[in-house]
Amino acid sequence: MSETTYNYVNGEWIESESGDTIEVENPANPNETVGRYQSSSATDATAAVEAAAAAADDWASTPGPERGKILRAAGTLLEERKDELTDVLVAEEGKAHAEAGGEVQRAIDIFHYFAGKAADLGGTMKSPSAPNQNLYTRTEPVGVAALITPWNYPIAIPAWKLAPALAAGNAVVLKPASAAPGVAIELARALDEAGLPDGVLNVVTGSGSTVGTEFVEHDAVDAVSFTGSSEVGEMVYDRATDAGKRVQTELGGKNPTVVAASADPAEAADIVAGGGFGTTGQSCTACSRAIVHEDVYDEFVAELVDRAESIDVGPGADHEMGPQVSESELESTLDYIEIAENEGAALAAGGNTPDGEAVETGYFVEPTVFTDVDSEMRIAQEEVFGPVVAVIKVSDFDEGLHVANDVHYGLSASIVTDDHTEANRFIDEVEAGVVKVNDKTTGLELHVPFGGFKRSSSETWREQGDEGLEFYTIEKTVYDSY
């Protein structure tokens, strides 16, 4: 049985006031407990916020290069522990080993990137209208930032919120998702060993309704960054803005890949399969709709089915596609498969739990392809969050663009085409915060903005890159006459 991991508050590892714990099971073998964490109370969350508030001023006054030095040291410690962290991620979230290793590397890269950025913060000098005056801006941290992160990228998303928040001089409270909190907690261990002052980072595990609510509503919290479902994120946004806080939310997606008449069907199938079935479809940027021109539709479907049926499904440690993270996520995906069949979509591949000794106990589902899908069907409108791709036939580019935009989400979108005019029109007219040409909808660079349109985002501040720092900073304008 796994040892219990405590909360990290004010530089110490502290047992929850509630005395209750959360057991995390291996989604590839639910009979195996791989972690035990605190099921924290509102009192625990309050203590974390108070610790952050007490530490905020000293950390804000720490020179940026010194903050960067600590982030860089933490990134180096994470790099030394990459294999261990990858194994923890696979065991708790179920991700395939190669995908988990790539995610851990992304967290390392993020810490090193923002370590350098910490020295660039400060402000800008402007020319004044009056003589004998200096006119300039100063960039300052917002104060205490509350970060609420999901299970599907359990180290990368905490890293891309935490690193810029700390680089900018904020104190932080972090609530990782209960399904896979282990690797986020390892970020705290690395920062602690790197010399982060007590109270600057505080990590509390537990339910969103208890810990998350206290973080969002506490008077000492100045900013809230949330990634998760649109339903929960919109509630977080309303509560935080009602309390006068700065808020950033990144939410769900229903991401399309448009396959144009000029596309090579085999290449397009590779792109859609990578975006739709990678990470078991459990990415907010996953491709869940392939919108395909009628001239290449039949050949594309045959190629996509071939790829779906060739994917090796099993425990993430030694298979190409791992399980879904929990029984409830698996049941939700199977429910959507049943809904699609009932609405008249044709099941072309998958649709069931797989057979075999390696997959008999875990939360596994086959990569699934539906054809004859109408854009009004629920399978084409609602986020499934599993390895399910709905293929929609269209007669021309304009219809494809219309179908791509005909959802409430707008996170990521791609087009496969050899027509440069079509590509440019798609870039201009598709309603998505991330647009790709001849590439899959998943996969992000860490030094450019990330965020969505419509119900995929609060459309306030973007994450990552320079824009990732902007959310955690505020400008002061100085008129200095002499």
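The structure under discussion appears in the preceding block.
Residues numbered from 1 in each chain as written. Predicted model: local features only at pLDDT ≥ 70, side-chain atom pairs only at ≥ 80, totals over all residues. Heavy atoms only, no water.

S.K.: How should the layout of surface pockets be read in this particular structure?
M.R.: Leftover empty space is mapped by rolling, across the atoms, a probe with the size of a water molecule. Approximately 950 Å³ is the volume found for the largest pocket. As for the largest pocket, its lining consists of 39 residues, and the residues nearest its centre are W151, F226, G228, S229 and V232. Residue assignment for the lining of the largest pocket shows that the elements contributing at least two residues are helix 7 (208–217), strand 11 (223–227), helix 8 (230–242) and helix 11 (327–342). Among the elements that line the lining of the largest pocket, the one with the most residues is helix 8, at six residues. Looking at the lining of the largest pocket residue by residue, the class counts come to 15 nonpolar, 17 polar and seven charged. The volume enclosed by the second largest pocket comes to roughly 490 Å³. Taken together, 22 residues line the second largest pocket, and the ones lying closest to its centre are Y153, T279, T442, G443 and L444. For the lining of the second largest pocket, the secondary structure elements donating two or more residues are helix 4 (97–117) and helix 5 (156–167). Examining the composition of the lining of the second largest pocket, we find that four residues originate from one element, helix 4, more than from any other. The residue makeup of the lining of the second largest pocket, split by class, is seven nonpolar, nine polar and six charged. (1 Å grid on protein atoms, 1.4 Å probe; cavity = no way out; pocket = protein on both sides within 12 Å on 5 of 7 lines; lining within 4 Å. Points joined across faces, edges and corners; volume = space filled by probe spheres on them. Helix = DSSP H or I, 4+ residues; strand = E, 2+ residues; numbered from the N terminus. Nonpolar A, V, L, I, M, F, W, Y, C, P; charged D, E, K, R; others polar.)

S.K.: In this structure, what is going on with the packing of helix 9 (residues 265–277) against helix 10 (residues 297–310)? I would like to understand it.
M.R.: For any two helices packed against each other, the geometry is given by the interaxial angle and the distance between the axes. At a closest axis distance of 8 Å, the pairing of helix 9 and helix 10 adopts a crossing angle of 45°. Between helix 9 and helix 10, the crossing angle belongs to the class labelled oblique. Note that helix 9 runs across helix 10; the crossing there is right-handed. Of the residues in helix 10, those in contact with P265, A266, A268, A269, D270, V272, A273 and F277 of helix 9 are E299, F300, E303, L304, R307 and A308. (Axes fitted to C-alpha atoms, helices over the stretch in contact; angles between N-to-C directions. Parallel < 35°, antiparallel > 145°, perpendicular 65-115°, else oblique. Left-handed = near helix turned anticlockwise from the far one by under 90°. Contact = heavy atoms within 4.5 Å.)

S.K.: I'm lost on the packing of aromatic side chains in this one. Help?
M.R.: Within the structure shown, the criterion is met by six aromatic pairs. Aromatic pair Y8 and W13: ring centres 4.8 Å apart, planes at 45°, arrangement tilted. A centroid spacing of 4.9 Å and a plane angle of 80° characterise the contact between F471 and Y472, whose relative ring orientation is edge-to-face. Note on accessibility: F471 and Y472 belong to one class, buried. A connected cluster of aromatic rings, assembled from ring pairs, spans W461, F471 and Y472. Sitting over the ring of W13, R189 keeps its end group 4.4 Å from the ring centre. (Phe/Tyr/Trp six-rings, centres within 6.5 Å; stacked < 30°, edge-to-face > 60°. Buried < 20%, exposed > 50% of the residue type's maximum accessible area, 1.4 Å probe, protein only. Lys NZ or Arg CZ within 6 Å of the ring centre and 35° of its normal.)

S.K.: What should I look at first to understand the sheet that holds strand 20 (residues 434–437) in this one?
M.R.: In sheet architecture, strand pairing relies on hydrogen bonds along the backbone and comes in two forms, parallel and antiparallel. Strands sit in the order 15-16-17-14-13-19-20 across an open sheet of seven strands; the sheet is mixed. The sheet is open, and its two borders are formed by strand 15 (346–349) and strand 20, each paired with just one other strand. Adjacent strand axes in the sheet meet at a mean angle of 20° when their direction is disregarded. With four bridges joining them, strand 19 (residues 412–416) and strand 20 adopt parallel strand pairing. Looking at the pairing, S412 lines up with V434 of strand 20. Contacting strand 15, strand 16 (368–371) and strand 17 (388–394), helix 11 runs over the sheet at an angle of about 20° to strand 16. Sheet strands touched by helix 14 (residues 420–429): strand 13 (255–259), strand 19 and strand 20. Its angle to strand 20, the strand with the most contacts, is close to 175°. (Pairing = 2+ DSSP bridges.)

S.K.: I'm lost on helix 10 in this one. Help?
M.R.: Residues three or four positions apart in an α-helix share a direction because the helix packs 3.6 residues into each turn. Along its 14 residues, helix 10 runs 20 Å from first to last C-alpha, staying within 8% of the 20 Å computed at 1.5 Å per residue. Every buried residue of helix 10 is listed here: Y297, F300, V301, L304, V305, R307 and A308. All buried residues of helix 10 fall inside an arc of 165° around its axis, so they share one side. In helix 10, those exposed residues whose orientation departs by more than 90 degrees from the buried face are D298, E309 and S310. In the core, the buried residues of helix 10 are packed alongside strand 13, helix 9, strand 14 (287–293), strand 15, strand 16 and strand 17. (Expected span 1.5 Å × (residues − 1). Arc of directions from axis to C-beta.)

Taken by themselves, the reported measurements are silent on function.
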